[in-house]
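Given next are the chains, with one letter for each unit.
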Amino acid sequence: TIRSMTGFARADGAAGPLSWHWEVRSVNGRGLDVRLRTPPGFEMLEQRVRDAVARRVARGSVSATLSVRRTTGEVQLRLNEAVLAQVLAALATVRKHTEAAPPRAEALLNVKGVLEVSEPEDSEGEVAERHAAMLATFDTALEAMVRARTEEGSRLETIVREQLAAIEKLAATIAASPARSPEAIRRRLKEQMARLLETEAPLDEARLYQEAAMLATRADVEEELKRTAAHVQGARKLLESDEPVGRRFDFLAQEFNREANTLCSKSFDPDIVRMGLELKAVIDQMREQVQNIE
């Protein structure tokens with residue numbers, strides 16, 4: 001089952017005075033790129049988060065964000081008397097030179113550093129236990145994101161299979177076209193030769209046969225049709241793979257496009273050219289979908 005590179009999930013957790021929230025999202029990427037955002041003090045989680053992502057995701061740009069909140073009941077306020085004394089001394093100096101009114105208490109408390117937020121210190125065991133709980137919550141979010149990628153991959157697979165069927169049908173229609181019959185090719189060659197013979201320029205008979213053979217070879221798109229059929233079978237095998245196939249599928253889509261371009265450039269028949277352009281349109285649509293595959 002193929003997987004998409006796009007997905008999103010979130011998970012919440014709590015332990016003691018802390019509660020946290022993980023958000024994990026992934027988008028298309030050439031390789032695996034993991035970006036992590038955590039509040040100060042939680043940097044030690046980074047490597048374990050990266051390792052967890054690498055075990056579950058092979059390709060895509062993955063971003064994980066951790067938000068942490070401490071319950072207000074556990075926060076204590078402490079008056080920094082040393083800073084307050086410095087502020088009062090500075091105000092006294094100012095009042096010597098001006099007629100400034102005495103400051104209000106709430107204004108003093110708003111001065112940075114006068115009032116400090118004090119959080120209780122946790123033991124190493126409590127910190128380790130909390131980090132383990134946070135990583136477990138992250139694993140929950142990561143698994144949900146991987147499931148989202150898998151579900152999107154199922155939808156992608158359905159679309160790509162339909163597009164492969166359309167490519168196969170168009171190629172079969174081109175292969176069965178009356179314009180590819182030997183009689184039709186011979187008739188076109190006669191018409192082209194007749195136009196050449198109408199000119200007054202001298203023509204070497206041996207060279208004329210060579211040109212006719214080259215025109216007949218150029219008009220034959222059998223090889224392009226065979227390679228397109230082989231690419232269709234190869235693409236279906238990739239869809240059955242249990243491994244990430246996005247890179248190989250992207251390369252195969254380029255090969256599809258190359259065959260369609262060659263087919264359009266070689267054909268002299270307007271109907272085959274029209275069907276070749278339809279083939280190119282379906283292939284381009286498939287390439288857009290394939291670029292989302294992991």
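Calculation notes
Residues numbered from 1 in each chain as written. Predicted model: local features only at pLDDT ≥ 70, side-chain atom pairs only at ≥ 80, totals over all residues. Heavy atoms only, no water. Helix = DSSP H or I, 4+ residues; strand = E, 2+ residues; numbered from the N terminus. Buried < 20%, exposed > 50% of the residue type's maximum accessible area, 1.4 Å probe, protein only. Areas by Shrake-Rupley, 256 points an atom, 1.4 Å probe, with all protein chains shown as cover. Axes fitted to C-alpha atoms, helices over the stretch in contact; angles between N-to-C directions. Parallel < 35°, antiparallel > 145°, perpendicular 65-115°, else oblique. Left-handed = near helix turned anticlockwise from the far one by under 90°. Contact = heavy atoms within 4.5 Å. Nonpolar A, V, L, I, M, F, W, Y, C, P; charged D, E, K, R; others polar. Pairing = 2+ DSSP bridges. Salt bridge = Lys/Arg side-chain N within 4 Å of Asp/Glu carboxyl O. Right-handed = clockwise from strand over helix to strand, strands pointing away. Patch = residues over 30% accessible without salt bridge, like charges linked within 9 Å, V, L, I, M, F, W, Y side chains within 5 Å. Expected span 1.5 Å × (residues − 1).

(A) Quick look at the overall build of the chain. From N to C terminus, the chain includes nine helices and six strands. When each of the 294 residues of the chain is scored for burial, the buried share is 35%. Counting every atom, the chain has about 17700 Å² of accessible surface; 52% of that belongs to carbon and sulfur.

(B) Just the packing of helix α8 (residues 246-266) against helix α9 (residues 270-290), in detail. Axis separation between α8 and α9 bottoms out at 9 Å; the angle between their running directions is 165°. Between α8 and α9, the angle is such that the two are roughly antiparallel. By crossing handedness, the relation of α8 to α9 is classed as left-handed. On α9, the residues touching Gly246, Phe249, Asp250, Ala253, Gln254, Phe256, Asn257, Ala260, Asn261, Leu263 and Cys264 of α8 are Ile272, Val273, Gly276, Leu277, Leu279, Lys280, Ile283, Asp284, Met286, Arg287 and Val290. Residues that form the contact of α8 with α9 fall into these classes: 13 nonpolar, five polar and four charged.

(C) How the structure looks around the sheet that holds strand β1 (residues 7-15). Spatial ordering of the open sheet is given by β1-β2-β4-β3, a layout of four strands whose pairing is mixed. At either margin of the open sheet sits one strand with a lone partner, and together these are β1 and β3 (32-37). Going from strand to strand, the sheet's axes swing by 15° on average, the running direction of each strand aside. Here ten bridges tie strand β2 (residues 18-27) to strand β4 (residues 60-70), and the two strands are oriented antiparallel to one another. By the bridge assignment for β4, His21 is matched with Ser67. Taken strand by strand, helix α1 (residues 46-56) contacts β2, β3 and β4, and its axis lies near 145° from that of β3.

(D) Fine view of the pattern of salt bridges. Per the stated rule, a full pass over the model turns up 18 salt bridges. Between Asp33 and Arg35 there is a salt bridge, with its nearest N and O atoms 3.1 Å apart. The exposure class of Asp33 is partly exposed, given its relative accessible area of 31%. One salt-bridge network, held together by shared partners, links Glu223, Glu224, Arg227, Glu259 and Lys266.

(E) Focus on the pairing of β3. Judged from the six bridges that link them, β3 and β4 form a sheet pairing that is parallel. Paired with Leu32 across the bridge in β4 is Gly60. Remark: the β3/α1/β4 crossover connection has left-handed handedness.

(F) Seen up close, a nonpolar patch on the surface. A cluster of nonpolar residues, Leu77, Leu79, Leu109 and Leu115, forms a patch on the protein surface that exposes about 350 Å² of accessible area. With respect to the helices and strands, Leu79 occurs in strand β5 (residues 76-79). Overall, Leu79 belongs to the partly exposed group, its relative accessible area being 39%.

(G) Structural detail: helix α7 (residues 222-239). When the terminal C-alpha atoms of α7 are compared, their 26 Å separation across 18 residues agrees well with the 26 Å that a helix rising 1.5 Å per residue should span. Against α4 (124-175) and α8 lie the buried residues of α7.

(H) Structural view of the packing of α7 against α8. Where α7 meets α8, the axes come as close as 10 Å, and the angle between the chain directions of the two elements is 160°. It follows from the interaxial angle that α7 and α8 lie roughly antiparallel. Like other packed secondary-structure pairs, α7 and α8 cross with a definite hand, here left-handed. Note on element contacts: α8 touches α7 through Arg248, Phe249, Leu252, Glu255, Phe256, Glu259, Thr262, Leu263 and Lys266, opposite Glu224, Leu225, Arg227, Thr228, His231, Val232, Gly234, Ala235, Leu238 and Leu239.

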